[in-house]
Amino acid sequence: NAFAKMDHRHPELFDAVAKAAIPIIDNFNAQEMANTVSAFAAARHATQTTKLLFTKVSYAISVNPAVLQDWNDMHLVAVAYAFMKARHEDNELIDFIGNEVLWRNDASCH
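Cut-offs used in this document
- Residues numbered from 1 in each chain as written.
- Predicted model: local features only at pLDDT ≥ 70, side-chain atom pairs only at ≥ 80, totals over all residues.
- Heavy atoms only, no water.
- Helix = DSSP H or I, 4+ residues; strand = E, 2+ residues; numbered from the N terminus.
- Buried < 20%, exposed > 50% of the residue type's maximum accessible area, 1.4 Å probe, protein only.
- Contact = heavy atoms within 4.5 Å.
- Areas by Shrake-Rupley, 256 points an atom, 1.4 Å probe, with all protein chains shown as cover.
- Arc of directions from axis to C-beta.
- Phe/Tyr/Trp six-rings, centres within 6.5 Å; stacked < 30°, edge-to-face > 60°.
- Lys, Arg positive; Asp, Glu negative; His and termini not counted.
- Salt bridge = Lys/Arg side-chain N within 4 Å of Asp/Glu carboxyl O.
- Polar contact = N/O pair within 3.5 Å; in protein donor to acceptor, adjacent residues only side chain to side chain.
- Core = buried A, V, L, I, M, F, W, Y, C linked by side-chain atoms within 4.5 Å.

Asker: Run through the overall build of the chain, naming residues and quoting values.
Answerer: For the chain, the count of helices and strands is six helices and zero strands. Taken from N to C terminus, the helices and strands of the chain fall in the order α-α-α-α-α-α. Taking all 110 residues of the chain together, 35% fall into the buried category. Restricting the contact set of the chain to residue pairs at least 6 apart, pairs at least 24 apart contribute 70%. In the form shown here, the chain has an accessible surface area of approximately 6,900 Å², with 54% of it arising from carbon and sulfur atoms.

See the structure below:
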């Protein structure tokens, strides 16, 4: 994320990180996953490897909703924002996250 904040383009580094993260993304906790996609979005790094990383993150979140018990709203929103900022269209994931946040808010009011 530091490279992105400094507006320092380093495509080889981002590709290497994406390639390393893809096979283990299911092991990431909420903060690690949110920080990873946020860094790629902030750096505007858009390669095939990045697209695959975002697809794997989407799959990891939407295929196993039980994982979200450990996620707070901030991490959910950070992932949704990263997807939108990166222009990685995944309306199903955005809807899924939005519904999850609304459900939590509704459940806490009752």
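Now, onward.
Asker: Describe helix 2 (residues 11-21), with residues and values.
Answerer: Note on helix geometry: an α-helix contains 3.6 residues per turn, so any two residues three or four positions apart are oriented the same way. If you check which residues of helix 2 are buried, you get Phe 14, Ala 18 and Ala 21. Buried residues along helix 2 cover an arc of 70° about the axis, so they all sit on one side. Residues Glu 12 and Lys 19 are exposed on helix 2 and point more than 90 degrees away from its buried face.

Asker: Give a description of the packing of aromatic side chains that names residues and reports values.
Answerer: Applying the stated criterion across every chain, the model contains two aromatic pairs. Taking the centre distance of 4.8 Å and the plane angle of 65° together, the rings of Phe 54 and Phe 83 count as edge-to-face. Taken together, the residues span a long stretch of sequence, with Phe 54 in helix 4 (residues 48-63) and Phe 83 in helix 5 (residues 73-85) at a distance of 29 residues. Note on Phe 54: relative accessible area 1%, which makes it buried. For Phe 83, a relative accessible area of 0% corresponds to the buried category.

Asker: So what's going on with the side chain of Asp 90? Residues and values would help.
Answerer: Relative to the elements of secondary structure, Asp 90 occurs in the loop between helix 5 and helix 6 (91-109). No salt bridge is formed by the buried Asp 90. Its closest oppositely charged neighbour is Lys 56, at 13 Å. One polar contact links Asp 90 to Ser 58, side chain to side chain, over a distance of 2.5 Å. Of note is the side chain of Asp 90, whose polar atom sits 3.0 Å from the backbone nitrogen of Leu 93. Residues in contact with Asp 90, not counting those within four places in the same chain, are Ser 58 and Phe 83.

Asker: Pulling in residues and values, what's your account of the nonpolar core?
Answerer: Counting residues in each nonpolar core, the largest one holds 28 residues, and the members touching the most others are Met 33, Leu 53, Val 57, Ile 61, Trp 71 and Val 79. Among the elements that line this core, the one with the most residues is helix 3 (residues 30-42), at seven residues. Residues in contact with Trp 71, not counting those within four places in the same chain, are Ala 30, Met 33, Ile 61, Leu 76, Val 79 and Arg 104.

Asker: Tell me about the environment of Arg 87, and please be specific about residues and values.
Answerer: Among the structural elements, Arg 87 can be located in the loop between helix 5 and helix 6. Since its relative accessible area comes to 70%, Arg 87 is described here as exposed. When the C-alpha positions of Arg 87 and Arg 44 are compared, they lie 9.1 Å apart, and in sequence the two are 43 residues distant.

Asker: Describe the pattern of salt bridges, listing the residues and the values that go with them.
Answerer: Pairs can form between side chains of opposite charge whenever their charged atoms are close. In the structure shown here, the tally under the stated rule is two salt bridges. Its salt-bridge partner being Glu 100, residue Arg 104 comes within 2.9 Å of it at the nearest N-O pair. Of this pair, Arg 104 and Glu 100 both sit in helix 6, four residues apart, roughly one helical turn. Given the relative accessible area of 17%, Glu 100 is considered buried. Through salt bridges that share partners, Asp 73, Glu 100 and Arg 104 make up one connected network.

By themselves, these figures tell us nothing about what the structure is for.
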